[in-house]
Amino acid sequence: MSRPGGWWGRKSTPAKVETYTRWSFHFICLSEMAAIGLPAFGQVGGRLSLVLSLPVVVHAALGMAVVSRALDWTRGRRPQPLRLLWTHGVLTAALAVAALAVAEHGPSGDDVDTAAGSVFGGVLCFGAGIITLGVRDRRRVLAVVGGFVAGAFLVLLLLGTPALASLGGAAIVLAGAGFLAFTAVFSVWLLNAVYALDEARETRARLAVAEERLRFGRDLHDVMGRNLAVIALKSELAVQLARRERPEAVEQMIEVQRIAQESQREVRDVVRGYREIDLETELNGARGVLRAAGIDCEVSGETGGLPGEVQSALGWVVREATTNVLRHGDAKKCTVSVRMPEGRVVLTVQNDGAAAPSGSAGVGGSGLAGLRERLSAVGGTLTAGGIGKGAFRLVAEVPLSTGAALEVAS
């Protein structure tokens, strides 16, 4: 059974921002019902209350559909909902004109005029604000808001409203529609910026992994390049000596055989990852890579005096943990600590992105199983798992021999 809030916790940061933006505008549509429809229903009675409030509910419901389609279009999941935008615009204009008609030709009374006026101004403000979600260009946004404001001013004038009062009504529409339009434009910009930053972070993570692969390729080239060059030279020399029937040709081929066997052993070491690694270098590299990916990384502890095989094993733990923080989860902070309590060294890597590596993924396809094998070679152990909400901890512990422990202590 999943814990409460698991649905939200499994979302990435951009998905959370999108959900928040989507439901914020849905609540804006609901607020249209609460701010305009319900007061209109309460201020006037009988059939007139339905005439004023029910269309507002339909208008708000259509606005919610516009919000969903427009945000999907913003993220490239759907085509631009032009028909829906035009439908919403026409309905907005029709409701505004109908509200003025009720105020002019309906039952007399201040309550009716107030309710009709709130419907007139409200649907124009909310309508213009919602429509701007489906418009990308700033000029078009200004055109939408300006069109509704100008339309409100002209309709009020044509119905005989004094010019000053018409101007005041248009100013109210401008303030409300302008505010909602600005909110819509800023929300879309923020949503796109968050997605762009997340894509940039993923790109940096992929580049970090690619850099690690290049480093591995350079190591392999360093091992094979020099030895293959020596083999080629000695083989050529052996051929020349053999053509002259010189006995030194045998010695050269024996040397070629030795170098080839040595190269084979070194390649196996590179592929299996058993070349000795400097732990301090790996810690500095992990800190630089994580910070480049936008993750705050703190490294603490001393590594001086550790035996080479221990540094190599723990260095691979740092590499694997760093790779998994980059590839999985949505970490904002990562801490790496090295402690040496009572003749053992403990490496702890903890992040707040729940970056749980798979059992078979990771450097060289080894993952946690490969790390446990490397640590078991030096008598070490590895534990990994979630701790609390959205946090993941990996702990590697390696015992130090008596001599090594004394060397570290000194």
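Heads up: these notes are all about the structure in this document. All residue numbers refer to position in the chain's written sequence, counted from 1. Restriction of local features to residues with pLDDT of at least 70 applies here, the model being predicted, together with a cutoff of 80 or more for giving and counting side-chain atom pairs; totals for whole chains, interfaces and linings are based on all residues. In computing side-chain properties, one takes all heavy atoms of the structure into account and sets aside hydrogens as well as water.

Here's the deal with a nonpolar patch on the surface
Then step 1. On the surface, a cluster of nonpolar side chains totalling about 460 Å² of accessible area is made up of Phe182, Phe186, Trp189 and Leu190.
Then step 2. Partly exposed describes any residue whose relative accessible area lies between the buried limit of under 20% and the exposed limit of over 50%, with all areas from a 1.4 Å probe on protein chains only and scaled to the type maximum. Here Phe182 falls in the exposed class, since its relative accessible area comes to 57%. Residues enter a patch when their relative accessible area is above 30% and they make no salt bridge; the linking distance is 9 Å between like charges and 5 Å between nonpolar side chains (Val, Leu, Ile, Met, Phe, Trp, Tyr). For the area figures, the Shrake-Rupley method with a 1.4 Å probe applies, and any residue is considered shielded solely by the protein chains shown. For salt bridges, the criterion is a side-chain nitrogen of Lys or Arg within 4 Å of an Asp or Glu carboxyl oxygen.

Concerning the pairing of strand S2 (residues 333-339)
Then step 1. Across 5 bridges, the pairing between strand S1 (residues 296-300) and S2 is parallel. Bridge pairing links Val299 to Val336 in S2.
Then step 2. In short, DSSP must find at least two bridges between two strands for them to pair. Segments assigned H or I by DSSP are reported as helices when at least four residues long, segments assigned E as strands when at least two residues long, and all are numbered from the N terminus. Note: S2 against strand S3 (residues 344-351), 6 bridges, orientation antiparallel. For Val336, the partnering residue across the bridge sits in S3 and is Val349.
Then step 3. Linking S2 back to S3 in an antiparallel pair, the connection comprises 4 residues, with Glu342 at a positive phi of about 50 degrees.

Some words on the packing of aromatic side chains
Then step 1. Pairing of aromatic side chains here covers Phe, Tyr and the six-membered ring of Trp, requires ring centres within 6.5 Å, and sorts the geometry by plane angle: under 30 degrees stacked, over 60 edge-to-face, intermediate tilted. In this structure the tally under the stated criterion is 3 aromatic pairs.
Then step 2. Ring plane angle 15 degrees and centroid distance 6.2 Å describe the contact between Phe182 and Phe186, whose orientation is recorded as stacked. Highlighted residues: Phe182 and Phe186, both in helix H7 (residues 163-243), separated by 4 residues, approximately one helical turn.
Then step 3. Counting every residue linked through ring pairs, the aromatic cluster contains Phe182, Phe186 and Trp189.
Then step 4. Whether a charge lies above a ring is judged from NZ of Lys or CZ of Arg, which has to be within 6 Å of the ring centre and within 35 degrees of the ring normal. Stacked on the ring of Trp73, the Lys or Arg Arg136 has its end atom at 4.3 Å from the ring centre.
Then step 5. The residue whose ring lies beneath Arg319 is Trp316, and the NZ or CZ to ring-centre distance is 4.5 Å.

Some points on the environment of Ser187
Then step 1. For Ser187, the position within the fold is in helix H7.
Then step 2. For the pair Ser187 and Glu18, spaced 169 residues apart in sequence, the C-alpha to C-alpha distance is 9.3 Å.
Then step 3. A contact between two residues is defined here by any heavy atoms of the two lying within 4.5 Å. Apart from the residues lying within four places of it in its own chain, the contact partners of Ser187 are Thr21 and Phe25.

Some thoughts on the pairing of S3
Then step 1. Within S3, 6 of the 8 residues are buried, which leaves it mostly tucked inside the rest of the structure.
Then step 2. Note that S3 and strand S5 (residues 392-399) share 8 bridges and pair antiparallel. From the neighbouring strand, Leu347 faces S5, where its bridge partner is Ala396.

A closer look at the nonpolar core
Then step 1. For our purposes a nonpolar core is just a set of buried Ala, Val, Leu, Ile, Met, Phe, Trp, Tyr and Cys residues, chained together by side-chain atoms within 4.5 Å. Among the nonpolar cores identified, the biggest contains 40 residues, and Phe25, Val67, Phe120, Leu124 and Leu133 are the most heavily contacted of them.
Then step 2. Every element with two or more residues in this core is listed here: helix H2 (13-43), helix H3 (47-74), helix H4 (82-105), helix H5 (110-131), helix H6 (138-158) and H7.
Then step 3. A total of 8 residues in this core trace back to one element, the largest contributor, which is H5.
Then step 4. If sequence neighbours within four positions are ignored, Leu133 has contacts with Phe25, Val67, Ala70, Leu71, Trp73, Thr74, Ala184 and Val188.

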